[in-house]
Amino acid sequence: MGFINGLFGMGGKKGREMEAEASYEPISGLSSIASSVVHRCARILGLQTDKLVQLFEIELPDHASEPENYGRDLLVYCSYKALHEETKSINYLSEKEFRILTFDMMLAWETPNAEVDSSNKENNNNNKKEAEEDEVDSLFCSSATKNAIQVDGKKTVSSEAFARIAPACPIIADPITVNNLFESLTTYCGGRLHFLIYDKYIKYLEKVVKIAKTTAPHAASLNLSEGEIILDVDGVSATNSVFQHIGTSTRPGRLTLTNRAIYFEPLGVGFSYGKPISYDLEKDLKQVVKRECTGPWGARLFDKAVMYKSTFLTEPVFIEFPQFKGQARRDYWFAIIKEILHAHKFVRKFNLSGLKKAEILSEATLGVFRYRALKEAFHIMPSQVKSTLSFYLAEKLPKGDKILDALYNHLETLFTGSESNPQPGPGSGPFPPAICTIQSFGFILSDSAVEFGFYGLNIDSGPSSLELAVRRSASYSGRAEAARATLEQVKMEDIDTNVTVLKELLFPLMQIGELMLSLVEWEDPFKSHVFLVLFLFLVYRGWIRYIIPCIFLSCSGFIMWNKHHRKGRPIEAFQVPPPKHKSTVEQLLTLQETISKLEMGIQEGNITLLKLRAILFAAFPQTTNKIAITLVVMAVLFMLLSFKDILLAILLEEYTRKMPLRRESSEKLVRRLREWWGRIPAAPVQLMKRHESRR
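Residues numbered from 1 in each chain as written. Predicted model: local features only at pLDDT ≥ 70, side-chain atom pairs only at ≥ 80, totals over all residues. Heavy atoms only, no water.

Re the packing of aromatic side chains
- Evaluated as defined, the whole model comprises 20 aromatic pairs.
- Geometrically, the ring pair formed by Phe334 and Tyr392 is edge-to-face, given 6.3 Å between the ring centres and 90° between the ring planes. Residue Phe334 is located in helix H15 (residues 328-349), and its partner Tyr392 is located in helix H17 (residues 390-396); the two are separated by 58 residues in the primary sequence.
- Look at Phe346 and Phe391: their rings are 5.6 Å apart centre to centre, the planes differ by 55°, and that puts the pair in the tilted class. Here the residue Phe346 occupies a position in helix H15, and Phe391 occupies one in helix H17, the gap between them amounting to 45 residues.
- The residue whose ring lies beneath Arg254 is Tyr273, and the NZ or CZ to ring-centre distance is 4.0 Å.
- Here the basic side chain of Lys399 rests over the ring of Tyr476, its NZ or CZ set 5.2 Å away from the ring centre. (Phe/Tyr/Trp six-rings, centres within 6.5 Å; stacked < 30°, edge-to-face > 60°. Helix = DSSP H or I, 4+ residues; strand = E, 2+ residues; numbered from the N terminus. Lys NZ or Arg CZ within 6 Å of the ring centre and 35° of its normal.)

In structure tokens form, the structure reads like this:
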């Protein structure tokens, strides 16, 4: 066990437990861990504990008068004030006392009251032997993360406690994605957060922030604007190269993402970099960013690229992230680029400027730092609907626009105040948390510096409007994920199989089409006459407009009948016969035949359009006169007759064309029209040279 303790830092755990159980003067009604946290918060604020409790009762009398929530509200009040003071320092993430304190705040939030604390102690004593057995069993686990989890499995934190305390420090969590972040951290923890995992996450957050600060000298070569922050850089080593593809040209280089643009510096002679190429994410240039396949000379071979397209560019740019296995690098860069792009879309949508715009960009910047820390610490890449990037997540979740609306209202509340958040005191201004956090690390995002201050507290036990919007959207996303899982099951890779499935699904419609065709072809004159009489009767009585509503009502009745008789049973699998097996040569021949038919169809379409062009420009006078007279007659008919009469005449003409009485005359008319169309030559076409421009 000594080796495991040294490897995973059990000394820190023991120190944390000893400090939590230290001989602080107990506070009436609070558990030991809650009393310890309140005392430490008072020490951070430079106040006596009694004085801090009095401030809580004076500033928030409504919460102080509720005995059932007194302990938890007092704890949240003290924690928020202490965290606000602690986060003013530059290196607070590197301080182990800060990591221990924030985790103890979460533990205390779960057991704030004395009676709850005593019951938990009894349960811990009863399960002591089981915890010791888990420590021994952890020696034989294959995963280092699972080792840490089992060794430190005595005290864990729930998602509710994490979501209540962690967002008070903006670098640690965000209100929109805090639950997704918790799920990512507890992937191997059974839904509970262990201190070793939390401690590792905070350490990597500090590492990411330090790396971002060390890239400041690199900003000189990019000529960054004021307030532009470098978020990540890739392609600086030969093992992690990045390639830019434009058309058939390919160039290696260094890729940089800031909170406003993407920069690519092509690699020159002697490992020097050329002039950077900027791809803007801030302005409204109809940017499109998506995953794409790419390869040498424009070939679509490897699914490891991100495509960027805008109205400023003549052709799209493909940025390739070579990787021996998987697409983790590409997916990571795609996600953080989309986060910055959607953040600027949010700014433009609500016409934000000044500090409000800076606050949104600060939130996006902190989100990228958190996403990067997760990737580097645990090699975790959350799915789209479980992303820890706020704006990217809002664009992917169902009803994500409601989240953005709630975020805007929250932003307005932050700067103007509301019933849940008190107004700033006299002579003070708004104190946006994300901007203050960015400034505490030494970054400058806004044009004017923001001084630290305490804006107010929202310690209500009920969820805020932003949290409610996130919960509603998450409830819809569960159903969307289940539906998406069924889509993956029914996707077929073989084209013959897909064609067979399509034919089977469309079989009822094909049967109806064949029946209508047989009626139009007058294969059975009796059935065709009956259908014609019924159709004319419906038109005469004016019932033709009820056909489509009857179809909709029939479909609705069929659906409700199935719902009543199925009674929640799963739908049976759709039975499809296997397609005829074809060899590789047969498949290639089929593909060649399909391409030839497609080419012939395009040629026929071009010929038709060129003939119409010749007619419109009166290239052939003898044909032009007939066309002009015909168009005049059609115009007069459309003015004199109603649209219903014209439509009825067209349908009758098409339906009765092949009836026995009209078959011969109809065939002659079609033949004359075909001969007339064949005598019309096509307009000439000339291909331009590449250097010539179209006038």
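What follows picks up the thread again.
Some details on the pairing of strand S5 (residues 249-258)
- Note: strand S3 (residues 230-234) against S5, four bridges, orientation antiparallel. Residue pairing for S5: Val233 is matched across the bridge by Thr256.
- Here five bridges tie strand S4 (residues 242-246) to S5, and the two strands are oriented antiparallel to one another. Along S5, the bridge assignment pairs Val242 with Gly253.
- The antiparallel pairing of S4 with S5 creates a hairpin that spans two residues between the two strands, and Gly247 there sits at a positive phi of about 65°.
- Across five bridges, S5 lies against strand S6 (residues 261-266) in antiparallel orientation. (Pairing = 2+ DSSP bridges.)

Details of the side chain of Ser440
- Within the secondary structure, Ser440 sits in helix H19 (residues 433-440).
- Of note is the side chain of Ser440, whose polar atom sits 2.6 Å from the backbone oxygen of Thr437. (Polar contact = N/O pair within 3.5 Å; in protein donor to acceptor, adjacent residues only side chain to side chain.)

Quick notes on the side chain of Thr102
- Mapped onto the elements, Thr102 comes out in helix H7 (residues 96-110).
- With sequence-adjacent residues up to four places away left out, Thr102 is seen in contact with Leu83, Ile165 and Tyr198. (Contact = heavy atoms within 4.5 Å.)

Description of the environment of Asp234
- Take Asp234: it is sitting in strand S3.
- Residue Asp234 is classed as buried on the basis of its relative accessible area, which comes to 10%.
- In the structure, Asp234 is positioned 95 residues away from Arg329 in sequence and 9.6 Å away in space, judged by C-alpha atoms.
- Not counting residues up to four positions away in its chain, the partners in contact with Asp234 are Asn240, Val242, Gly253, Arg254, Leu255, Phe321, Arg329 and Trp333.
- Looking at Asp234, its side chain comes within polar contact range of the side chain of Arg329, at 3.0 Å. (Buried < 20%, exposed > 50% of the residue type's maximum accessible area, 1.4 Å probe, protein only.)

Considering the environment of Asp280
- Its place among the elements puts Asp280 in strand S7 (residues 277-280).
- Counting along the chain gives 32 residues from Asp280 to Phe312, while the straight-line C-alpha distance between them is 9.2 Å.
- At a separation of 2.8 Å, a polar atom in the side chain of Asp280 contacts the main-chain amide nitrogen of Glu282.

What to know about the UniProt feature "transmembrane region" (unreviewed entry) in the protein chain
- In the numbering used here, UniProt assigns the "transmembrane region" (unreviewed entry) feature to residues 543-561 and 627-652.
- Counting secondary structure, residues 543-561 comes out at 79% helix and 0% strand; the distance between its end C-alpha atoms is 26 Å. (UniProt positions renumbered as here; feature names shortened; annotations may be inferred.)

Some words on the pattern of salt bridges
- Considering all chains together, one arrives at 25 salt bridges under this definition.
- Between Lys386 and Glu183 there is a salt bridge; the shortest N-O distance is 3.5 Å. Of the two residues, Lys386 sits in the loop between helix H16 (354-378) and H17 while Glu183 sits in helix H12 (residues 178-185), which places them 203 residues apart along the sequence.
- By relative accessible area, which is 41% here, Glu183 ends up partly exposed.
- When the shortest N-O distance is used, the salt bridge between Arg330 and Asp303 registers 3.0 Å. Taken together, the residues Arg330 in helix H15 and Asp303 in strand S9 (residues 302-309) connect sequence positions 27 residues apart.
- Note on Arg330: relative accessible area 3%, which makes it buried.
- What makes Asp303 partly exposed here is its relative accessible area of 33%.
- Several salt bridges converge on common partners, so that one network encompasses Arg291, Asp303, Arg330 and Asp331. (Salt bridge = Lys/Arg side-chain N within 4 Å of Asp/Glu carboxyl O.)

Some points on helix H23 (residues 525-541)
- The first and last C-alpha atoms of H23 sit 24 Å apart over 17 residues, in line with the 24 Å expected at 1.5 Å per residue.
- What H23 keeps buried is the set Ser528, Leu532 and Val539. Taken end-on, H23 shows its buried residues confined to a sector of 35°, consistent with a single buried face. Projecting away from the buried face of H23 at angles above 90 degrees are the exposed residues Phe526, Lys527, Val533 and Tyr540.
- Looking at the packing, one finds that the buried side of H23 touches helix H22 (507-520) and helix H27 (643-655).
- Of the residues trailing H23, Gly542 is marked for its positive phi of about 75°. (Expected span 1.5 Å × (residues − 1). Arc of directions from axis to C-beta.)

Some thoughts on the nonpolar core
- By size, the foremost hydrophobic cluster in this structure holds 116 residues, and its most contacted members are Phe162, Ile171, Ile172 and Tyr201.
- It is H15 that provides the largest number of residues to this core, a total of eleven residues.
- Filtering out sequence-adjacent residues up to four positions away, Phe162 remains in contact with Met106, Val157, Pro167, Ala173, Val178, Leu181, Phe182, Leu185, Leu193 and Tyr198.
- Core analysis: the second largest hydrophobic core is formed by six residues, Ala219, Leu222, Ala261 and Tyr263 among them. (Core = buried A, V, L, I, M, F, W, Y, C linked by side-chain atoms within 4.5 Å.)

A short note on the confidence of the model for the protein chain
- Across the protein chain, the average pLDDT comes to 81, with 84% of residues at 70 or higher.
- Across residues 122-153, where pLDDT falls below 50, the model places 33 contacts with residues more than four positions away in sequence or in other chains. (pLDDT = per-residue confidence, 0-100.)

Digging into unusual backbone geometry
- For His379, which is not glycine, the phi dihedral falls at a positive 55°.
- As for its placement among the helices and strands, His379 is situated in the loop between H16 and H17.
- A positive phi angle, close to 60°, is found at Lys399, a residue other than glycine.
- When you line up the elements, Lys399 lands in the loop between H17 and helix H18 (400-416).
- A residue is classified by how much of its surface remains accessible, and Lys399, at 41% relative accessible area, is partly exposed.

Description of helix H6 (residues 67-86)
- End to end, H6 covers 29 Å across 20 residues, agreeing with the expected 28 Å (1.5 Å per residue, within 8%).
- With respect to burial, H6 is a largely interior element, 15 of its 20 residues being buried.

Description of a nonpolar patch on the surface
- Nonpolar side chains collect at one region of the surface, where Leu502, Leu505, Leu506, Leu509, Met510, Ile512, Met516, Phe574 and Val576 lie side by side and expose about 810 Å² of accessible area between them.
- Among the secondary structure elements, those contributing two or more residues to the nonpolar patch are helix H21 (495-505) and H22.
- If one sorts the elements of the nonpolar patch by residue count, H22 sits on top with four residues.
- Here Phe574 shows up in the loop between helix H24 (547-566) and helix H25 (584-616).
- Among the residues examined, Phe574 registers a relative accessible area of 47% and is labelled partly exposed. (Patch = residues over 30% accessible without salt bridge, like charges linked within 9 Å, V, L, I, M, F, W, Y side chains within 5 Å. Areas by Shrake-Rupley, 256 points an atom, 1.4 Å probe, with all protein chains shown as cover.)

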